[in-house]
Amino acid sequence: MNGQNGKQGGATGGATGGATSGATGGATDGAAALSVRGLGKRFGDRVAFEDVSFQIGFGEVFGFLGPNGAGKTTIVRTLGTLIKPTSGSATVTGIPLIPENGAQIRQHISVMPESPGLYLRLTVAENLGCFADLYEVPDPHDRIDRALRAVHLTDRADSACGTLSKGLRQRVALARALLPDPQVLFLDEPTAGLDPVAARDVHDLIAGLGRSGVTIFLTTHRLDEAERLCDRVAILNTTLRTIGPPDELRDRLFARTLAVRTQAPLADPELVFRAIPAVTSWHQDSSGSYVLAVSRPAVAAPAVTRALVSAGADVLSISQPHHSLEDVYLELIDDDKEASLA
Amino acid sequence: MIISMSVSARRVRAIFRKEVREYRRNGNIAFGMAIMPFLFLIQPLVQVFALPSSASGAIRHEDSLLYLLAIPAIVPGLVAAYAVVAERDQGTLEPVLTTPVSREEFLVGKALASLVPSVLIAYAVYALFLACVRLFANPAVASALLRWPEILAQVFFTPLIAAWSIWIGLAISARSKDIRVAQQLGVLACLPTVAVTSLVAFNVIGPSFGLALAAAALLVILDVAGWRVVSAMFNRERLITGSR
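The structure reproduced in this document is the subject of the present report. (Residues numbered from 1 in each chain as written. Chains lettered and ligands numbered in written order. Predicted model: local features only at pLDDT ≥ 70, side-chain atom pairs only at ≥ 80, totals over all residues.)

## Observations regarding the pairing of strand S13 (residues 289-294) of chain A
With burial as the criterion, only one face of S13(A) is covered, namely that bearing Tyr290(A), Leu292(A) and Val294(A); the residues Ser289(A), Val291(A) and Ala293(A) on the opposite face remain uncovered. Connecting strand S12 (residues 279-286) of chain A to the next strand, S13(A), in antiparallel fashion are two residues, including Gly288(A) with a positive phi near 75 degrees. (Buried ≥ 20, exposed ≤ 12 C-beta atoms within 10 Å, placed from the backbone. Helix = DSSP H or I, 4+ residues; strand = E, 2+ residues; numbered from the N terminus. Pairing = 2+ DSSP bridges.)

## Here we look at the sheet that holds S13(A)
Residues and elements named next belong to chain A. Within the open sheet, the four strands sit side by side as S12-S13-S11-S14. Their pairing is antiparallel. Every interior strand has two partners, whereas the edge strands, S12 and strand S14 (315-319), have only one. The mean angle between the axes of side-by-side strands here comes to 20 degrees, regardless of whether they run parallel or antiparallel. Relative to S14, strand S11 (residues 257-262) runs antiparallel, the two being bridged by four bridges. The partner of Ala-259 across the bridge, within S14, is Ser-319. (Axes fitted to C-alpha atoms, helices over the stretch in contact; angles between N-to-C directions.)

## Here we look at helix H10 (residues 209-233) of chain B
The terminal C-alpha atoms of H10(B), which comprises 25 residues, lie 35 Å apart, in line with the 36 Å expected from a rise of 1.5 Å per residue. Of the residues making up H10(B), those classed as buried are Leu219(B), Gly226(B), Val230(B) and Ser231(B). (Expected span 1.5 Å × (residues − 1).)

## Some thoughts on the interface of chain B and chain A
Contacts between the two partners involve 26 residues from chain B and, on the opposite side, 25 residues from chain A. Sorting the residues of the side of chain B that touches chain A by element identifies helix H1 (9-25), helix H5 (93-97) and helix H11 (236-241) of chain B as the ones contributing at least two each. Of all the elements, H1(B) adds the most residues to the side of chain B that touches chain A, at eight residues. Here the residues of the side of chain B that touches chain A sort into seven nonpolar, nine polar and ten charged. (Contact = placed C-beta atoms within 7 Å. Nonpolar A, V, L, I, M, F, W, Y, C, P; charged D, E, K, R; others polar.)

Here it is as structure tokens:
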């Protein structure tokens, strides 16, 4: 996972190899790259997402997670000025998200949709040339060369896009998104449908972009991807369920537990654990394996050790269980399912 | 209706160039654009070649060649009806709409990409027709048929009618969800223009210089209005989500 340290403000110097930012006019000083307050979108009676609020700093890699239909793509389209929100407000690169500002915002961002959307009869260079002109980038040939180098596709510039594999098409789409040297890069499930090797290539590219200071808004339902690439993640299921760095989310949900393993099952675990003030509850996972809910793990662990030794138990281990981002995600989404069934 | 009038020539050129490249590499589109005008030639040529010199007197008072104005009324409209809905269907529309390109620039690029090749084809077909008549028809019939006012009318009205047909086609394309439906509606939408050109060609409406001027002025107004109306109809959200 990328740390915040070493990140530059804005996309200056960008991923395409040291270009100056083409995003002039967007605010980078003091303003958030994205600032969203109570944003919502309805299609008739159907709620795509509602009451979503967050801020993303310049140079941050931000992951947006959620199940299918959670509203991730609709949020990207809304912030990308393709869809009008029905409630709330937002700024994108410091520019208020209102219809009159659509063209101005689109000059400072780029979006890589889930489907690459390439012109299959045109070559890679022709596809990129078309978009270089649509973004009106200066010195388009140089910019295309740098974008192709960034995605390691220089040797395929003259290949028709229809002849490329799905992974290579994703890379071309990423090169296309890099052309304007955007302040904010929206990546909508960039590895959907890719094999592990192709997905790893795209991960490496995104990690490189993150290190070079590009603000990245990454939607995905691949949790390993988010955990590896993102400084912070948000979990969306129509409403925002939680937001924070992956480590912090894990701590928030799971850190207050201790896993205890003993050589043999305790004769009366209730007697042992109830006597420890730091333990708020406990349950048996399997024979000789217990999970304790504690108020402060650092204080509880020595007390638990002493109590077990006093009870004559042979202690094999006392540890804080490791939880992945996937555990956080499943915990929150399962809560939503249970709430909807109740 | 708010239409931004600042249009970037570079963005328009980008859309135009992309479209033309696709036409060149998609044999079906190029064939479709060329075949119909040539089919239009067969019947009048057979008829003209069969005419004896005695028919030249009657022909001199007819304007049947204006029937060829049906070519620019039909062909560019069918190409334009495909232009937006096909991009949407192929998933190429969303990346384009996330760029700073305005709807006016996008539509002008699309319109020019339909207009230029179809007008060139219409002129080529008309030139071929004139050459065939001059070379192979009875000389008296040829001299009765080939009159400058009609040739000039063909030259001037071809782009005007084509542009009108294109805006109708683009309007259909911007509102359709299905390529087949768009093309069927495109054919239907061409019929009123074809009917008018046919009425003139068969002398139901007597052509005159004044009528030509009025028709040209009306078409210029309709073409400008068409651009504005289609631009106003062009809705990014609707095109991307399919919402009403």
